[in-house]
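# Overview (structure and organization)
Here is what each chain is made of, one letter per residue.
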Amino acid sequence: MTASSAVQVPDQIFVILKHWLVMHSPALLRPAVSVLVTVIPIIIIFPALFAVTTVLERKELARIQNRYGPNRVGPFGILQPIADAVKSLTKEDIVPRAADRVVHFAAPLVLVGASFLAYSVLPMGRNMAAVDLDAGLLFFFAIGAIPELAVFMAGWSSRNKYSMLGAMRAIAQMISYEVPLILSSIAVVMAAGTLSLVSIVEKQARYSWILPHWYVLTPWGFAGFLLFMVAAAAEVNRSPFDLPEGESEIIGGYFTEYSGFKFALFFLAEYLEMFAVSGLGITLFLGGWSAPFSFLTWVPSWIWFFAKLVALICGFIWVRGTVPRLRMDQLMNLAWKLMLPMSLVVILAAGLWRFLPGGPFPGSPFPRSMIRWVVCAFLVAVPYVLLARLLAGGKGIARRVYRYAE
Amino acid sequence: MLGEGIIQGLAETARNFFGSFVEKDRLTTVQFPEERRELAEATRQYPFLLYDGADPEAGLRCVACQICEKECPPRCIYIEKSKDKKPDFIGKPQFYPAVFDIDVSVCMSCQICVEVCPFDAIRMDNEFELSTTDRFGGLLWPIATLAKPNEYYQSIHPTEAAETDERRAKELAEAQAKAAAKAATSVAQTPGAGE
C-alpha cells in the first residue's frame, strides 16, 4: 500500500464499502443494492443530525440567554432527543373535523419526501454524491419548490385561519426569496461554468500557495455567500424569517393543526431543508468537501463537509438567538429592494472577475489579480452602501415619540 | 443601516454565550429540586385554616361567619354552619364550620379571604409542591387538609404571625379584664341584689 493510497482509504472508505457490498450481492440485485446502500445512510444520517441539532440548538440558545438549557435527560441533557421522540410518538394525533383528511395526511409526507430528495445531488465527500446530475443545481432548486406546495397543502387542508395565514405568508416569502437565492448561485455557475454540483466542488478544490480556490474568498463570492445564506434562512423559514410559523402571532402557522408524530415530521422536514440548503451553500461557496488549507488535505473529505455543515448550523442558531423576527413589509422590502439588486450586482462582479486578468505582474511585487480584487470589491461595496442609504431614506434611528401615551 | 446593528447584536450574544461558561454568576438559574431558594415571607399559594392548641377540632378559629365565602371572587369556598356552638379563645360561644371546603382548582390565591376575615382564622400557605398523579381527586380540600396549627403560621410568616398573636393576646387580656371587672361588679352588686 503506497502513501497516497493510505491517505485515500479513510477518505474513500464509504465508497469502497459500498463497492464491496454491491460486488458481494447477487448480480440480479446489484442495481437495487447499489440504490439502497446509497439512500439508507442519507435517511439515517440526516435525521440523526436533526436529533443532535435540536439539543445543540436548545443548549446554544440557552447559553446565549445565560441559562443552562436541557440538562436532565442523560449526561448534560444529550439524550433529550430520545425523550422528545418518545413524547411526540405517544401523543394523540388530532385531525380537525372540518379538515380535508387526505391532504392533511399527505402534507407532512410530501414535505419530508421532498426534503430528502434534495440530498441526492449534494456531494458530501469526494465521489460521494448520490447522483451526479449534469444539472444538479437545477434539480436542487426544482425539488426546493415542492416544500412550498406541501406547506400550502398543510395550511389549506387544516381549515384554520392561523394555518391559512401561515401558509400564505410562507408562499409569499418562499417565492420572494427564491429569486435572490437562485441569482446568487448563478454567479457561481458563471464562475464554474457548470451546473453539476460535483464539478463545482472540484473547481474549488485547488490551492494557490496554501489557500483554496473557494468562491467565498473572492469579493463577489463573499457577497454572494451572504446573500445566499440570508435567502436560504428565509427559504427554510428560519429565524429571523420565521413569519410563516410565528408562534407568538399565528400560533405555529401552517402546522397549527398538527400534533404528535405529524408535527414531529414538520419539525424534521424544516431541519432537513435547513441542512440541505446549508449543504448547497457549502458546495457552492465554501468548497464543498475540500480542506480549508492545502496542508489539511489528508483529513477525509466527508469530515470537512460535515464540519462545515455543523459550523453553518451553529451560525444559524447564533443568528436565531440574536435577531428578532421581521415584519412582513420589512421582509418583502429586504427581498425585492435590497437583495434582488445586490444579487444582480454580484452576477456582474462575477462576470468582471472572470474576464479581468489574474496571475502575477511581470517584474512587480503586486500580483496582477490585485486589479480584479479592487474592481470587484468596489463594484460590490459601493452599490451596497448606496442602496442601504437610499432604503434607509436618510433618516437615522430616532427615539420614538408617543403623542398620546406619554 | 449597513448591518452594523446586526454585527453588534451578534457580538453581544457571543459575549453572553462564552460568558455563561466562564462567569458563574451570569447563570441565575436555580436547579430546582436539588437547589432551593428561600421563599419570600410574603409568598402565598392557597389558604389554610388556623387552630390554636393541639386539637384542630376544638381549637379551630373559624366561626363560620361566611364572609370569606361571600367575598371570594371565584367562589371556591363552601361553608356549612354548625347547629350548636362552642366557646372561642375568649370563651364566647360561637358557631363553627360543620363543613369548610376550598376548591383549589378554582382558587386564584388573591388573599381576599384573609383580608376580610375578622377572626384571624384563614391565612395563606406557601406550600407550592402540590402536584399529584391523581387528575381529579384531592382538589377539594376539607377541614382535615386545611387546618394547620398556629405554630406553622408562625414558622412560615413570622412577621405577620407576631402581629396577629400580639393583637389576639391584647384582645384576650381585654376580655379577661372585662370579665374580671364584670365579676367584681357582680360580686359587689350581689349583696345589693340580694336585698
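Preceding this section is the structure that the text describes.
Residues numbered from 1 in each chain as written. Chains lettered and ligands numbered in written order. Predicted model: local features only at pLDDT ≥ 70, side-chain atom pairs only at ≥ 80, totals over all residues. Heavy atoms only, no water.

## Structural notes on the nonpolar core
Counting residues in each nonpolar core, the largest one holds 88 residues, and the members touching the most others are A:Phe46, A:Tyr119, A:Trp220, A:Phe228, A:Phe275, A:Leu280 and A:Leu284. Per-element accounting of this core gives the leading share, 14 residues, to helix H12 (residues 260-285) of chain A. Apart from the residues lying within four places of it in its own chain, the contact partners of A:Leu284 are A:Leu137, A:Ser185, A:Val188, A:Leu197, A:Ile200, A:Gln204, A:Tyr215 and A:Phe228. In this structure, B:Tyr46, B:Cys76, B:Cys113 and B:Ala121 belong to the second largest nonpolar core, which totals 24 residues. (Core = buried A, V, L, I, M, F, W, Y, C linked by side-chain atoms within 4.5 Å. Buried < 20%, exposed > 50% of the residue type's maximum accessible area, 1.4 Å probe, protein only. Helix = DSSP H or I, 4+ residues; strand = E, 2+ residues; numbered from the N terminus. Contact = heavy atoms within 4.5 Å.)

## Considering the packing of aromatic side chains
Two aromatic rings, taken as a pair, are described by how far apart their centres are and by the angle between their planes. Residues and elements named next belong to chain A. A complete count under the given rule lists 28 aromatic pairs over all chains for this structure. On the numbers, 5.9 Å between centres and 35 degrees between planes, the contact of phenylalanine 46 with phenylalanine 306 is tilted. You can see phenylalanine 46 sitting in helix H3 (residues 30-64) and its partner phenylalanine 306 sitting in helix H13 (residues 301-320), a full 260 residues away along the chain. Residue class for phenylalanine 46 comes out buried when judged on its relative accessible area of 2%. Of the residues examined, phenylalanine 306 reaches a relative accessible area of 21% and is grouped as partly exposed. For the ring pair phenylalanine 263 and phenylalanine 267, a centre distance of 6.1 Å and an interplane angle of 15 degrees mean the geometry is stacked. (Phe/Tyr/Trp six-rings, centres within 6.5 Å; stacked < 30°, edge-to-face > 60°.)

## Looking at H3(A)
Look at H3(A): 50 Å from first C-alpha to last across 35 residues, which is about the 51 Å you get at 1.5 Å a residue. One or two residues past the end of H3(A) sits A:Asn66, with phi positive at roughly 60 degrees. (Expected span 1.5 Å × (residues − 1).)

## Digging into the packing of H3(A) against helix H1 (residues 4-22) of chain B
At a minimum axis separation of 7 Å, H3(A) and H1(B) run at an interaxial angle of 95 degrees. By the angle between their directions, the pair H3(A) and H1(B) is classed as roughly perpendicular. Taking contact as the criterion, the partners of A:Glu60, A:Arg63 and A:Ile64 in H3(A) are, on H1(B), B:Thr13, B:Asn16, B:Phe17, B:Ser20 and B:Phe21. Split into classes, the residues belonging to the contact of H3(A) with H1(B) amount to three nonpolar, three polar and two charged. (Axes fitted to C-alpha atoms, helices over the stretch in contact; angles between N-to-C directions. Parallel < 35°, antiparallel > 145°, perpendicular 65-115°, else oblique. Nonpolar A, V, L, I, M, F, W, Y, C, P; charged D, E, K, R; others polar.)

## Points about the interface of chain B and chain A
Taken together, the contact pairs 19 residues of chain B with 18 residues of chain A. Of the roughly 1700 Å² buried at the junction of chain B and chain A (both faces included), carbon and sulfur atoms supply 62%. Across the chain B-chain A interface, the total number found is one salt bridge. The partner of B:Glu34 in a salt bridge is A:Arg72, and the shortest N-O contact between them spans 3.3 Å. Inspection of the region where chain B meets chain A yields eight residue pairs in polar contact (both at pLDDT 80 or more). Residue composition of the side of chain B that touches chain A, by class: nine nonpolar, eight polar and two charged. (Buried area = accessible area lost by both parts, 1.4 Å probe. Salt bridge = Lys/Arg side-chain N within 4 Å of Asp/Glu carboxyl O. Polar contact = N/O pair within 3.5 Å; in protein donor to acceptor, adjacent residues only side chain to side chain.)

## Some points on a positive patch on the surface
On the surface, B:Lys70, B:Lys81, B:Lys85, B:Lys92, B:Lys178 and B:Lys182 cluster together into a positively charged patch. Structurally, the position occupied by B:Lys81 is in strand S2 (residues 77-81). (Patch = residues over 30% accessible without salt bridge, like charges linked within 9 Å, V, L, I, M, F, W, Y side chains within 5 Å. Areas by Shrake-Rupley, 256 points an atom, 1.4 Å probe, with all protein chains shown as cover. Lys, Arg positive; Asp, Glu negative; His and termini not counted. Charge placed at Lys NZ, Arg CZ, Asp CG, Glu CD.)

## Concerning the pattern of salt bridges
On inspection of all chains with the given rule, the structure shows 17 salt bridges over all chains. Across the pair A:Asp242 and A:Arg325 runs a salt bridge whose closest N-O atoms are separated by 2.9 Å. Of this pair, A:Asp242 sits in the loop between helix H10 (219-235) and helix H11 (247-250) while A:Arg325 sits in the loop between H13 and helix H14 (328-355), and the two are 83 residues apart along the sequence. Residue A:Asp242 is classed as buried on the basis of its relative accessible area, which comes to 10%. Overall, A:Arg325 belongs to the partly exposed group, its relative accessible area being 25%. Taking the shortest distance from any N to any O, the salt bridge between B:Arg15 and B:Glu12 comes out at 2.6 Å. Here B:Glu12 and B:Arg15 lie together in helix H1, a separation of three residues that amounts to about one turn. Using a relative accessible area of 48% as the deciding quantity, one classes B:Arg15 as partly exposed. On the accessibility criterion, B:Glu12 (39% relative accessible area) is partly exposed.

## Thoughts on empty space enclosed by the protein
All names here are of chain A. Counted by the stated rule, this structure contains five cavities of 30 Å³ or more. There is about 200 Å³ of room inside the largest cavity. If you trace the largest cavity, you find 17 residues lining it, with Phe140, Gly144, Pro147, Glu235 and Glu273 closest to the centre. If you list the elements that add at least two residues to the lining of the largest cavity, you get helix H5 (101-117), helix H6 (136-143), helix H7 (146-157), helix H8 (161-192) and H12. (1 Å grid on protein atoms, 1.4 Å probe; cavity = no way out; pocket = protein on both sides within 12 Å on 5 of 7 lines; lining within 4 Å. Points joined across faces, edges and corners; volume = space filled by probe spheres on them.)

## Details of the pairing of strand S5 (residues 97-103) of chain B
Across five bridges, S2(B) lies against S5(B) in antiparallel orientation. Residue pairing in the sheet places B:Tyr78 in a bridge with B:Asp101 of S5(B). (Pairing = 2+ DSSP bridges.)

## Points about the layout of surface pockets
Residue and element names in this part refer to chain A. The calculated volume of the second largest pocket comes to roughly 950 Å³. If you trace the second largest pocket, you find 37 residues lining it, with Phe50, Thr54, Phe263, Ala264 and Phe267 closest to the centre. Only H3, helix H4 (80-90) and H12 provide two or more residues apiece to the lining of the second largest pocket. A per-element tally of the lining of the second largest pocket places H12 first, with nine residues. Along the lines of polarity and charge, the residues of the lining of the second largest pocket split into 18 nonpolar, six polar and 13 charged.

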